[in-house]
Amino acid sequence: MSPSHLDRIPPGQNLVADFPVLHAGSVAHLRRESWVLNITGHVAKPLAIDWNALLSSPAVEQTCDLHCVTGWTKLDTRWKGVRLRTLLEEAAVEADTQHSVITAPDGWTTNLPVSELLRQDVIVAYEYEGGPISAEHGGPVRLLVPRLYLWKSAKWLLGIDLTVEQRLGFWETRGYHELGDPWLEQRYS
Ligand SMILES: Nc1nc2c(c(=O)[nH]1)N[C@H]1C(S)=C(S)[C@@H](COP(=O)(O)O)O[C@H]1N2
Ligand SMILES: [Mo]
């Protein structure tokens, strides 16, 4: 491993070559044909984006590193999807909106500040390593927030609810950090 690779491993993390599968509850099996992403809450134009609408939105491909709060880091994962920023511009997020709750099946949620959602590398992903995302890894569509611990990257993405006040998500109400920056080791609150 080159020294530049070592620079990419946050404190307290260990490299893995495989791709661990982690989630609360069981794997959701969503069909592309009936999948819909709802962007709701403090927006001028609520959106319901289906599979075809997502695929006809401007696509981006990116390679990024994943950091799980349980201690593993996986380098150079390749994804394709749509910048969340593009979708949020379409939804016209109201100016005083600072927070969001990301929703997934079985009531699983995570919270993120809008400033994080707007980053260039936050994508609504539908391909991993050149193929469909497996159900285990959150397919057909998952959120990818590479800058933060991986629990923020909701698998089986269903909704983004924009809010003025912060509401904590599933892990955040159980003691995990409200932001979760791996470089600052923001594991617990
Ligand atoms: N819907 C949903 N998304 C989720 C989770 C979950 O329980 N439900 N777990 C999170 C956690 S804690 C991690 S570490 C990553 C794991 O993603 P992976 O299984 O693709 O490695 O998914 C995140 N996204
Ligand atoms: Mo995790």
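Our subject is the structure that appears above.
Attention in this report is confined to the structure presented alongside it. Computed from a prediction, not measured in an experiment: that's the story for all the values here.

1. What to know about helix α3 (residues 84–91)
Alright, step 1. By the burial criterion, the buried members of α3 are Leu-84, Leu-87, Leu-88 and Ala-91. Seen along its axis, α3 keeps its buried residues to an arc of 100°; they face one direction.

2. A short note on the site of ligand 1
Alright, step 1. Lining the immediate surroundings of ligand 1 are 20 residues, of which Pro-20, Ala-24, His-137, Arg-142 and Lys-155 lie closest.
Alright, step 2. At a separation of 3.3 Å, an oxygen atom of ligand 1 approaches a polar side-chain atom of Trp-108.
Alright, step 3. Between ligand 1 and the protein, one listed contact pairs an oxygen atom with a side-chain N or O atom of Arg-142 at 2.7 Å.
Alright, step 4. For ligand 1, the accessible surface in isolation is 530 Å², of which the surrounding protein chains cover 97%.

3. Comments concerning the sheet that holds strand β7 (residues 109–113)
Alright, step 1. Strand order in the open sheet made by the five strands is β3-β2-β11-β6-β7, with mixed pairing throughout. Looking at the sheet topology across the chains shown, the edges are occupied by β3 (47–50) and β7. Along the sheet, successive strands turn relative to each other by an average axial angle of 15°, direction set aside.
Alright, step 2. Pairing analysis gives four bridges linking strand β2 (residues 36–41) to strand β11 (residues 159–163), with the strands arranged parallel. Across the sheet, the residue bridging to Asn-38 is Gly-159, located in β11.

4. Quick notes on unusual backbone geometry
Alright, step 1. Here the amide bond leading from Gly-139 into Pro-140 is cis, since omega sits at 10°, within 30 degrees of zero.
Alright, step 2. For Pro-140, the position within the fold is in the loop between β9 (131–132) and β10 (142–144).
Alright, step 3. In this structure, Asp-76 takes a positive phi of about 55° despite not being glycine.
Alright, step 4. Note on placement: Asp-76 falls in strand β5 (residues 72–83).

5. A word on the nonpolar core
Alright, step 1. Core analysis: the biggest nonpolar cluster contains 30 residues, and Ile-39 and Leu-143 have the highest contact counts within it.
Alright, step 2. Of all the secondary-structure elements, those providing two or more residues to this core are β2, β3, α2 (51–55), α3, α4 (114–117), β8 (123–128) and β11.
Alright, step 3. Beyond its immediate chain neighbours, meaning those up to four positions away, Leu-143 contacts Leu-84, Ile-102, Leu-112, Val-122, Ile-123, Val-124, Lys-152, Ser-153, Ala-154 and Leu-157.
Alright, step 4. Among the nonpolar cores identified, the runner-up in size contains 13 residues, and Phe-19, Val-60, Trp-79 and Leu-150 belong to it.

Rules behind the numbers
- What you see as residue numbers is a count from 1 along each chain, following the sequence as written.
- A letter from A marks each chain and a number from 1 marks each ligand, given out in the order of writing.
- Only residues with pLDDT of at least 70 get local features here, since the model is predicted, and only at 80 or more are side-chain atom pairs given and counted; chain-wide, interface and lining totals rely on the full set of residues.
- Here the side-chain values reflect all heavy atoms present in the structure, with hydrogen atoms and water set aside.
- The cut-offs for exposure are 20% and 50% of the maximum accessible area for each residue type, with area from a 1.4 Å probe on protein chains only; residues under the lower value are buried, those over the upper are exposed, and the others partly exposed.
- Numbering goes from the N terminus for both helices and strands, where a helix is a DSSP run of H or I of at least four residues and a strand is a run of E of at least two.
- This arc is built from the directions going out from the helix axis to the C-beta atoms.
- The cutoff for a nearby residue is simple: one of its non-hydrogen atoms must lie within 4 Å of the molecule or strand.
- Polar contacts, as counted here, are pairs of nitrogen or oxygen atoms within 3.5 Å of one another; within protein the pair requires one atom able to donate a hydrogen and one able to accept it, and residues that are adjacent in sequence qualify only if both atoms are side-chain atoms.
- Surface exposure here means Shrake-Rupley accessible area, sampled with a 1.4 Å probe, where a residue is shielded only by the protein chains that are shown.
- Whether two strands pair depends on DSSP finding at least two bridges between them.
- Lines fitted to C-alpha atoms define the axes here, with helix axes fitted over just the stretch in contact, and angles between the N-to-C directions of these axes take values from 0 to 180 degrees.
- Throughout, nonpolar core names a set of buried Ala, Val, Leu, Ile, Met, Phe, Trp, Tyr and Cys residues whose side chains join them through atoms within 4.5 Å.
- Here a residue-residue contact requires only that any non-hydrogen atoms of the pair lie within 4.5 Å.

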